[in-house]
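As a plain string of letters, each chain reads:
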Amino acid sequence: MKQRVITGIVAGAVFLGLCFMGGLWYHLLVLAMSLIGYYEFVKMTKVAPFGGTAVIGYLGILMFVFPWNLLDIALPLPIGNGTWLLMLLFLLVTVFSKNRVGIQQVSLLFLASVYIGIGFLYIAESRNTPDGHGLFWTFLLLASIWASDAGAYFVGRKLGRNKLWPAISPNKTIEGAVGGVIIAVITAMIFALLSDGLLPLGNALLIGLSSAVIGQLGDLVQSAYKRVYGIKDSGSLLPGHGGILDRCDSWIVVFPFVHMLSLLPY
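**Student:** Now, about the overall build of the protein: what can you tell me, with residues and values included?
**Tutor:** Of the regular secondary structure elements, the protein holds 10 helices and 2 strands. Moving toward the C terminus, one meets the helices and strands of the protein in the order α-α-α-α-α-α-β-β-α-α-α-α. A compact globule built from 266 residues would reach a C-alpha radius of gyration of about 18 Å, and the protein, at 19 Å, matches this within 12%. Projected onto the principal axes, the alpha-carbon positions of the protein cover approximately 55 × 45 × 35 Å. Expressed as a percentage of its 266 residues, the buried residues of the protein come to 45%. In the protein, once contacts between residues fewer than 6 apart in sequence are set aside, the share between residues at least 24 apart is 67%. In the form shown here, the protein has an accessible surface area of approximately 13400 Å², with 70% of it arising from carbon and sulfur atoms.

Following this line, the structure appears as structure tokens:
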């Protein structure tokens, strides 16, 4: 527990400090996190993390998360076209390797590059919104996600009786999940009340719900594929906490989801 607390304080201070600063350094931190997250996923699937096939995925992560705008560099391809090209490159590996690298392997790596790349892209872009309130939006989403996690944990420990999804995550309970939703909604509502009209209450309600429901589903997704591979943590970068994907499993689904529904009114 001591190690977990120390790691949490140090990592949290670095992340939140750079998030407060914003700009290029924060974006580069998110880029580094995305590359480490992809490495963790590749290693988990027993693929050589720096082999030729995996390298294509790293290039995909760079395409998604690299701070093109902040460096005034034109994106080589629109994201849609780049994603299609990324898929084609992975598929061609099966051809040129004469199926020594199978379709299952390249499919997993393509999935990982999109899942992780787009997730961290939206984490970075949330801090760099054109309305100049990116810090508020980022803290709103992070606080709602963390409130959901804390609510689910503490309510689950106190009142949890009915398992939510024991085949995937045996410790989660329905009562905890509901508690997480309630605390996340309350947190988002507090942000709305303190925003001086920047965040309408209706948007706050939907953001709280999304952060809790989609965030908990993202957590279950992470638990599901870790269970397939028989591992407890995706990595060991953060002692006591696991890897980047363990800490950001909710982030990389909540941030894109909220943006795609246009819940942030900027």
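**Student:** Outline the packing of aromatic side chains, supporting the account with residue identities and numerical values.
**Tutor:** Throughout the structure, instances matching the rule amount to 13 aromatic pairs. Geometrically, the ring pair formed by Phe15 and Tyr26 is edge-to-face, given 5.7 Å between the ring centres and 65° between the ring planes. Pair noted here: Phe15 is in helix H1 (residues 2–21) and Tyr26 is in helix H2 (residues 23–44), with a separation of 11 residues, a long-range link. A single burial state applies to Phe15 and to Tyr26, both of which are buried. Residues Tyr115 and Tyr225 carry aromatic rings whose centres are separated by 6.4 Å and whose planes lie at 90° to one another, so their mutual orientation is edge-to-face. Residue Tyr115 is located in helix H5 (residues 103–126), and its partner Tyr225 is located in helix H8 (residues 201–229); the two are separated by 110 residues in the primary sequence. For the pair shown, Tyr115 and Tyr225 are each scored as buried. Put simply, the rings of Phe15, Tyr26, Trp146 and Trp251 pair up and form one aromatic cluster.

**Student:** Account for the side chain of Ser223, with residues named and values stated.
**Tutor:** Note on placement: Ser223 falls in helix H8. Residue Ser223 is classed as buried on the basis of its relative accessible area of 14%. Contact partners of Ser223, with chain neighbours within four places excluded, come to Ile168, Ser169 and Lys172.

**Student:** Describe the state of the cysteines, with residues and values.
**Tutor:** This model, assessed by the stated rule, comprises 0 disulfides. Free of any disulfide, Cys19 has its nearest cysteine sulfur in Cys248, 12 Å distant. Look at Cys19 and you get buried, because its relative accessible area is 0%.

**Student:** Lay out the packing of H2 against helix H3 (residues 52–65) in plain terms, naming residues and giving numbers.
**Tutor:** Taken N-terminus to C-terminus, the directions of H2 and H3 make an angle of 155°; their axes are 10 Å apart at the nearest point. When the interaxial angle is binned, H2 and H3 end up roughly antiparallel. As for how H2 packs across H3, the hand of that crossing is right-handed. Touching His27, Val30, Leu31, Ser34, Leu35, Tyr38, Tyr39 and Val42 of H2 are Ala54, Gly57, Tyr58, Ile61, Leu62 and Val65, all from H3.

**Student:** Can you tell me about the nonpolar core, naming the residues and giving the values?
**Tutor:** Met33, Tyr38, Ile116, Phe120, Ile123, Ile207 and Trp251 are the most contacted members of the largest nonpolar core, which totals 53 residues. With 9 residues, the top contributor of residues to this core is H2.

Calculation notes
- Residues numbered from 1 in each chain as written.
- Predicted model: local features only at pLDDT ≥ 70, side-chain atom pairs only at ≥ 80, totals over all residues.
- Heavy atoms only, no water.
- Helix = DSSP H or I, 4+ residues; strand = E, 2+ residues; numbered from the N terminus.
- Rg over C-alpha atoms; globule rule 2.2 N^0.38 Å.
- Buried < 20%, exposed > 50% of the residue type's maximum accessible area, 1.4 Å probe, protein only.
- Contact = heavy atoms within 4.5 Å.
- Areas by Shrake-Rupley, 256 points an atom, 1.4 Å probe, with all protein chains shown as cover.
- Phe/Tyr/Trp six-rings, centres within 6.5 Å; stacked < 30°, edge-to-face > 60°.
- Disulfide = S-S within 2.5 Å.
- Axes fitted to C-alpha atoms, helices over the stretch in contact; angles between N-to-C directions.
- Parallel < 35°, antiparallel > 145°, perpendicular 65-115°, else oblique.
- Left-handed = near helix turned anticlockwise from the far one by under 90°.
- Core = buried A, V, L, I, M, F, W, Y, C linked by side-chain atoms within 4.5 Å.

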